[in-house]
Amino acid sequence: MKMIDKRIIPLAIGGLGIGTTEFTVMGLLPDIAKSLQISIPEAGHLISAYALGVVIGAPILIGYSVKFPPKKVLITLMLLFTLFNGLSAIAPDYGTMLIIRFMSGLPHGAFFGVGTVVAARMAGRGKEAFYISLMFTGLTIANLAMVPLVTYIGHIYHWRWYFAIVAIIGLFALLFLKLWLPVIESNQDTHFLEELKFLKNKQSWFVLMITAIGFGGLFTWFSYITPLMTIISGIKESQMAYVMMLAGGGMVVGNLVGGILSDRLSPEKTCALLLFLMMISLLGVFFLSEYRNISLVLTFLCGALSMSVAAPINIMMMKAAPKSEMMAAAFMQAGFNIANAMGAFFGGIPLEYGYAFNYPSLIGVGMTCIGLIISLRYKYLYGKESVEEEMETECISCDK
């Protein structure tokens, strides 16, 4: 069995840190609220501040860093990430914490934006999606292991240890970025406005819509997974940590499978297939969640599908914006955050009218169906280009 290319490991460690800081805070909100003497809804603004930082920081930081070597950019972004998470551990009050959490989110999207392009360049022809999925493995392992572990430490000792641990992960990422990430040439012939020209391309907007709407369908399920599992499926609240680990395990598997399928089938076919499977799985959640064992299986499947689309959809965006790959990849991070927000918002509508906690997934079916329709339209309009590229690759392989 061929060992994993060590050059990709620094990007995965960075993803581990980012995933840990982004998702652990949700489980520690009551602890943070009590310590800072604020309400839980006010503490929830720390999540919003981080997400706002992601959306704003991604295009701005990418726009002003494209002329520099990607290795230096990634090290700088991880340095900022480590610094602000370290400061979060010692923030004296709520106002300061709010500002620091916003600053912590700024390098998030830019790191994945640059990292996605670097991973694809290191991979070589035909392995791009798999290498991108390896980078996102850090994010999935965060959900599987680090988030439950750090949440436990934060509960038992103090929530400030959560940010300290994230900063330590950031230091490891910096070390391995310096040691193992290769030097890749920068694009000296571009500037901020030039990078944004990909937004004039309809193909790019197709991909962003697939991400925000189709992927948002799964967030209708994930946003309300705790009441769904405890009230509808009959899982004890004390067992929810294991349920979240089950979903995290699905994310790890789905992320890698999505990358492999994308390289073998083409990103367009893989994306459409995965959206179809998402729709079927969410239908299963709606109709079968009252059966505990089936509900647990669906939790693993939905977790797997939630990350399986990451690699193929990023490859699709890179193809749609060949001269603005890093900026386009950064916008994809904004797209995923919009998907998160849309899923939580639209999924909450049936709950406001008194419907049960399996109904958000029905809204998700509709959103995923729309994403599938857009994906099929995209494949019809632009899939031919991928077929031609595959034929070229096969011809090159034959010649060799």
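Residues numbered from 1 in each chain as written. Predicted model: local features only at pLDDT ≥ 70, side-chain atom pairs only at ≥ 80, totals over all residues. Heavy atoms only, no water.

It is worth spelling out the overall build of the protein chain at this point. Looking only at helices and strands, one finds 16 helices and 0 strands in the protein chain. Over its C-alpha trace the protein chain gives a radius of gyration of 20 Å, about what one expects of a compact globule, namely 21 Å for 400 residues. Counting only residues that meet the buried cut, the protein chain has 55% of its 400 residues in that class. The long-range share in the protein chain, meaning contacts at least 24 apart out of those at least 6 apart in sequence, stands at 85%. Of the roughly 18000 Å² that the protein chain leaves accessible, carbon and sulfur atoms contribute 69%. (Helix = DSSP H or I, 4+ residues; strand = E, 2+ residues; numbered from the N terminus. Rg over C-alpha atoms; globule rule 2.2 N^0.38 Å. Buried < 20%, exposed > 50% of the residue type's maximum accessible area, 1.4 Å probe, protein only. Contact = heavy atoms within 4.5 Å. Areas by Shrake-Rupley, 256 points an atom, 1.4 Å probe, with all protein chains shown as cover.)

What follows covers the pattern of salt bridges. Side-chain pairs of opposite charge can arise where the charged atoms are in close proximity. One pass over the full model with this rule turns up 2 salt bridges. Note that Arg7 and Asp5 form a salt bridge whose closest N and O atoms lie 2.7 Å from each other. Overall, Arg7 belongs to the partly exposed group, its relative accessible area being 28%. Judged by its relative accessible area of 19%, Asp5 is buried. The partner of Glu325 in a salt bridge is Arg121, with the nearest N and O atoms 3.9 Å apart. Taken together, the residues Glu325 in helix α15 (residues 325-352) and Arg121 in helix α5 (residues 94-123) connect sequence positions 204 residues apart. Residue Glu325 is classed as partly exposed on the basis of its relative accessible area, which comes to 22%. (Salt bridge = Lys/Arg side-chain N within 4 Å of Asp/Glu carboxyl O.)

Bringing the environment of Leu28 into the picture now. Here Leu28 is to be found in the loop between α1 (9-27) and α2 (29-36). On the accessibility criterion, Leu28 (0% relative accessible area) is buried. For the pair Leu28 and Lys197, spaced 169 residues apart in sequence, the C-alpha separation works out to 41 Å. If we ignore the near neighbours within four places in the chain, the residues touching Leu28 are Val150, Thr151, Gly154, His155, Trp159 and Tyr162.

In this section: the packing of aromatic side chains. In this structure the tally under the stated criterion is 16 aromatic pairs. For the ring pair Phe111 and Phe112, a centre distance of 6.1 Å and an interplane angle of 75° mean the geometry is edge-to-face. Judged by its relative accessible area of 0%, Phe112 falls in the buried class. Where Phe198 meets Phe331, the ring centres are 5.4 Å apart and the plane angle is 80°; that geometry is what we call edge-to-face. With a gap of 133 residues between them, Phe198 in the loop between α8 (192-195) and α9 (202-222) and Phe331 in helix α15 connect regions that are remote in the sequence. Following the ring pairs from residue to residue traces out a cluster consisting of Phe286, Phe287, Tyr355 and Tyr359. (Phe/Tyr/Trp six-rings, centres within 6.5 Å; stacked < 30°, edge-to-face > 60°.)

Within the secondary structure, Gly364 is located in helix α16 (residues 359-399). The exposure class assigned to Gly364 is buried, which follows from its relative accessible area of 0%. Note: C-alpha distance between Gly364 and Ala120 (244 residues apart in sequence) is 31 Å. When near neighbours in sequence (up to four residues on either side) are disregarded, Gly364 contacts Gly217, Thr220 and Leu282.

With that settled, consider a nonpolar patch on the surface. On the surface, a cluster of nonpolar side chains totalling about 630 Å² of accessible area is made up of Phe345, Phe346, Ile349, Tyr353, Tyr355 and Ile363. Sorting elements by how many residues they give to the nonpolar patch places α15 first, with 3 residues. Residue placement: Ile363 occurs in helix α16. The exposure class of Ile363 is partly exposed, given its relative accessible area of 32%. (Patch = residues over 30% accessible without salt bridge, like charges linked within 9 Å, V, L, I, M, F, W, Y side chains within 5 Å.)

Bringing the packing of α1 against α2 into the picture now. Close contact between α1 and α2 brings their axes to 5 Å; oriented N to C, the two are set at 75°. Taken together, the axes of α1 and α2 lie roughly perpendicular to each other. Counted together, Val25, Met26 and Gly27 of α1 and Leu29, Pro30, Asp31 and Ile32 of α2 form the full contact between these two elements. When grouped by side-chain class, the residues that make up the contact of α1 with α2 number 5 nonpolar, 1 polar and 1 charged. (Axes fitted to C-alpha atoms, helices over the stretch in contact; angles between N-to-C directions. Parallel < 35°, antiparallel > 145°, perpendicular 65-115°, else oblique. Nonpolar A, V, L, I, M, F, W, Y, C, P; charged D, E, K, R; others polar.)

Bringing the side chain of Ser65 into the picture now. Its place among the elements puts Ser65 in the loop between α3 (40-63) and α4 (70-88). Here Leu61 takes part through its backbone oxygen, which lies 2.7 Å from a polar atom of the side chain of Ser65. (Polar contact = N/O pair within 3.5 Å; in protein donor to acceptor, adjacent residues only side chain to side chain.)

This brings us to unusual backbone geometry. In this model, Gln37 sits at a positive phi of 60°, which is unusual for a non-glycine residue. Assignment of secondary structure puts Gln37 in the loop between α2 and α3. Look at Ser266: it is not a glycine, yet its phi comes out positive at around 110°. Relative to the elements of secondary structure, Ser266 occurs in the loop between α11 (240-265) and α12 (267-288).

Shape descriptors only; they carry no functional weight alone.
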